[in-house]
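# Notes for the structure review
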2 protein chains.
Amino acid sequence: MKHRVITISREFGSGGRTIGKKVAETLQIPCYDSELIQKIAQESDFAEGYVKEVDESSKGGFLASAFSSSRAFGPTNEDYLWEIQRKVILGLAEQGPCVIVGRCADYILQEAADCLTVFIHASMQYRADRIVREYGERQESPEQRLREKDKRRAAYHRFYTDMKWGYAQNYHVSLNSGELGIDRCVEILRLLY
Amino acid sequence: MKHRVITISREFGSGGRTIGKKVAETLQIPCYDSELIQKIAQESDFAEGYVKEVDESSKGGFLASAFSSSRAFGPTNEDYLWEIQRKVILGLAEQGPCVIVGRCADYILQEAADCLTVFIHASMQYRADRIVREYGERQESPEQRLREKDKRRAAYHRFYTDMKWGYAQNYHVSLNSGELGIDRCVEILRLLY
């Protein structure tokens, strides 16, 4: 039987991870976010031997190598990490119902789980205020950092899934957390589960 | 006081109009769809004198003239119709809370009403089945007609609003009616109103 899984893609700073955690709490199912999946991947059997220091968001990391000529000579570290994370995500979804935030889980699980695919977004202003307030980020030009993050996420998503990130058609439901509020987003997802 | 208005943009065949009507019924507020707005516009005082046979979806109509050189010599019939419909929509929103389907109402009302902006979409397969079943359209290649309609709507929207149609970021909420079902879409909008 395919388990019911909520996958959440989100713009940086939109509160997608918070929404995921709250929904999971309400539904009493586990929530796996990007950091946790990366941690599981690095500790997994798959990872042994070939994962080095790879981080999608590390300086120059993904974008630099994805579009450099290195891939012409075979898979990059990011490709290995993608493959390991893919296996981890498939494994988690097989264990039972859950919420998965990020890591293109919607794409990875399209055949393997009964997914509710979600995209959380918000205005630049809302996200800028939020990352300064909630993440304690420095107040200088948060917009510039957000644009950079958005660009990386879109490129990562596009590269591995060939889907356009942020297009409504790619998701069952897309919500503007800034306009609707975190709690109403949680309520809607609970209702749709 | 700005009235609360639900604006619904939708892919052809996705059930956006049906959802709009059902939500309006539940909330006991009026629902204005494209046809009704066009009718009001044509009967309005604004229209006297200069509206001829204009129809966004008539053969060759909008696309042909929007991108022809005719606009270089001044506004086209579509531009006049746009302006009249704009005034009609502003007038309707001023009268009280309502649902407005289509006609770029989200863009037109962004300063004039307290809007909940909605985008309804669905897979090609769902929409193709639906237009044959519900609209009694002929069974031959509905997908081709849908692609044509989608293209026209996207171009119309892009031309008059300069916003990309179908991007989640443009709406407060985007729903896949095929996956969620018409009734759950109605329930969510009622909840968010």
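Below: a short report on this structure. (Residues numbered from 1 in each chain as written. Chains lettered and ligands numbered in written order. Predicted model: local features only at pLDDT ≥ 70, side-chain atom pairs only at ≥ 80, totals over all residues. Heavy atoms only, no water.)

### Description of helix α1 (residues 16-27) of chain B
Three or four residues apart is the spacing at which side chains of an α-helix point the same way, because the helix has 3.6 residues per turn. Residues and elements named next belong to chain B. The terminal C-alpha atoms of α1, which comprises 12 residues, lie 16 Å apart, in line with the 16 Å expected from a rise of 1.5 Å per residue. Within α1 the residues assigned to the buried category are Gly-16, Ile-19, Gly-20, Val-23 and Ala-24. All buried residues of α1 project into a common sector of 130° when viewed along the axis, lining one side. Of the surrounding elements, those touching the buried residues of α1 are β1 (4-10), β2 (31-32), β3 (98-101), β4 (114-121), α8 (177-180) and α9 (182-192). Gln-28 lies just past α1 and shows a positive phi near 55°. (Helix = DSSP H or I, 4+ residues; strand = E, 2+ residues; numbered from the N terminus. Expected span 1.5 Å × (residues − 1). Buried < 20%, exposed > 50% of the residue type's maximum accessible area, 1.4 Å probe, protein only. Arc of directions from axis to C-beta. Contact = heavy atoms within 4.5 Å.)

### A closer look at the interface of chain A and chain B
Between chain A and chain B, the contact holds 22 residues from the first and 22 residues from the second. If you sort the residues of chain A by the area they bury against chain B, Gln-169, His-172 and Leu-191 of chain A come out on top, with a joint share of 27%. Linking chain A with chain B are 11 residue pairs in polar contact (both at pLDDT 80 or more). When contributions to the side of chain A that touches chain B are tallied by element, the ones reaching two or more residues are β4 (114-121), β5 (173-176), α8 (177-180) and α9 (182-192) of chain A. A per-class count over the side of chain A that touches chain B returns 12 nonpolar, six polar and four charged. Summarising the sheet, β5 of chain A and strand β5 (residues 173-176) of chain B pair through three bridges and their orientation is antiparallel. Within β5 of chain B, the residue paired with Leu-175 of chain A across the bridge is Val-173 of chain B. (Buried area = accessible area lost by both parts, 1.4 Å probe. Polar contact = N/O pair within 3.5 Å; in protein donor to acceptor, adjacent residues only side chain to side chain. Nonpolar A, V, L, I, M, F, W, Y, C, P; charged D, E, K, R; others polar. Pairing = 2+ DSSP bridges.)

### Description of unusual backbone geometry
Residues and elements named next belong to chain A. In this structure, Arg-103 is a non-glycine residue whose phi angle is positive, near 60°. One can find Arg-103 in the loop between β3 (98-101) and α5 (105-108). With relative accessibility at 10%, the residue Arg-103 sits in the buried group.

### Details of the packing of aromatic side chains
As enumerated under the stated definition, the model contains 15 aromatic pairs over all chains in all. With a centroid separation of 5.1 Å and an interplanar angle of 85°, the aromatic rings of Phe-159 of chain B and Tyr-160 of chain B are classed as edge-to-face. Stacked on the ring of Tyr-193 of chain A, the Lys or Arg Arg-4 of chain A has its end atom at 5.7 Å from the ring centre. The cationic tip of Lys-149 of chain A hangs over the ring face of Phe-12 of chain A; the distance from NZ or CZ to the ring centre is 4.5 Å. (Phe/Tyr/Trp six-rings, centres within 6.5 Å; stacked < 30°, edge-to-face > 60°. Lys NZ or Arg CZ within 6 Å of the ring centre and 35° of its normal.)

### Things to note about the pattern of salt bridges
Between side chains of opposite charge, a pair can form when the charged atoms approach closely. Inspection of the entire model under this criterion finds 21 salt bridges over all chains. Its salt-bridge partner being Arg-127 of chain A, residue Asp-150 of chain A comes within 2.9 Å of it at the nearest N-O pair. Here Asp-150 of chain A, found in helix α7 (residues 142-161), pairs with Arg-127 of chain A, found in helix α6 (residues 124-133); they are 23 residues apart in sequence, far enough to count as distant. For the residue pair Asp-150 of chain A and Arg-127 of chain A, the accessibility class agrees, reading buried in each case. A salt bridge links Arg-86 of chain B to Glu-83 of chain B, with the nearest nitrogen and oxygen atoms 3.1 Å apart. Pair noted here: Arg-86 of chain B and Glu-83 of chain B are both in helix α4 (residues 77-95), with a separation of three residues, about one helical turn. It is possible to trace a salt-bridge network through shared partners that takes in Arg-17, Lys-21, Asp-33 and Glu-35 of chain A. (Salt bridge = Lys/Arg side-chain N within 4 Å of Asp/Glu carboxyl O.)

### Focus on the packing of helix α2 (residues 34-43) of chain B against α4 of chain B
Two packed helices can be described by the angle between their axes and the distance between those axes. Residue and element names in this part refer to chain B. Here α2 crosses α4 at 105°, and the two axes come no closer than 9 Å. On the basis of the axis angle, α2 is roughly perpendicular to α4. Residues Ile-37, Gln-38, Ile-40 and Ala-41 of α2 form the contact with α4, whose own contacting residues are Leu-81, Ile-84, Gln-85, Val-88, Ile-89 and Leu-92. When the residues that make up the contact of α2 with α4 are grouped by side-chain class, the tally is eight nonpolar, two polar and no charged. (Axes fitted to C-alpha atoms, helices over the stretch in contact; angles between N-to-C directions. Parallel < 35°, antiparallel > 145°, perpendicular 65-115°, else oblique.)

### Describing the relation of the copies chain A and chain B
The two copies are related by a screw motion: chain A maps onto chain B through a turn of 180° and a shift of 0.0 Å along the axis, at an RMSD of 0.0 Å. The two molecules are tied by a two-fold rotation axis, judged by turn and shift. Most of the interface of chain A is mirrored in chain B, where 100% of its interface residues again form contacts. (Least-squares fit on C-alpha atoms with pLDDT ≥ 70 in both.)

### Topic: the environment of Ala-105 of chain A
Residues and elements named next belong to chain A. Looking at the secondary structure, you find Ala-105 in helix α5. Classification of Ala-105 as buried rests on a relative accessible area of 1%. For the pair Ala-105 and Ser-9, spaced 96 residues apart in the sequence, the C-alpha separation amounts to 8.3 Å.

### As for the nonpolar core
In terms of nonpolar packing, the biggest core is built from 42 residues, with Leu-175 and Leu-189 of chain A together with Leu-175 and Leu-189 of chain B touching the most fellow members. Residues contacting Leu-189 of chain A, with those up to four places away along its chain left out, are Ile-6, Ile-8, Ile-19, Val-23, Leu-116, Val-118, Val-173 and Leu-175 of chain A. (Core = buried A, V, L, I, M, F, W, Y, C linked by side-chain atoms within 4.5 Å.)

### Digging into the state of the cysteines
Residue and element names in this part refer to chain A. The final tally for this structure, using the stated rule, is zero disulfides over all chains. In this structure Cys-98 is not part of a disulfide, and its nearest cysteine sulfur, from Cys-115, lies 8.5 Å away. Judged by its relative accessible area of 0%, Cys-98 falls in the buried class. (Disulfide = S-S within 2.5 Å.)

### Considering the pairing of β4 of chain B
Residue and element names in this part refer to chain B. Within β4, seven of the eight residues are buried, which leaves the element mostly enclosed by the surrounding structure. Pairing analysis gives seven bridges linking β1 to β4, with the strands arranged parallel. By the bridge assignment for β4, Arg-4 is matched with Asp-114. Here four bridges tie β4 to β5, and the two strands are oriented parallel to one another. By the bridge assignment, Phe-119 is partnered in β5 with Ser-174.

### A closer look at the sheet that holds β3 of chain A
Two modes of strand pairing occur in sheets, parallel and antiparallel, and in both the strands are linked by backbone hydrogen bonds. Strand order in the open sheet made by the 10 strands is β2(A)-β3(A)-β1(A)-β4(A)-β5(A)-β5(B)-β4(B)-β1(B)-β3(B)-β2(B), with mixed pairing throughout. Every interior strand has two partners, whereas the edge strands, β2 (31-32) of chain A together with β2 of chain B, have only one. Where α9 of chain B meets the sheet, it contacts β1, β4 and β5 of chain B, and its direction lies at approximately 165° from that of β5 of chain B.

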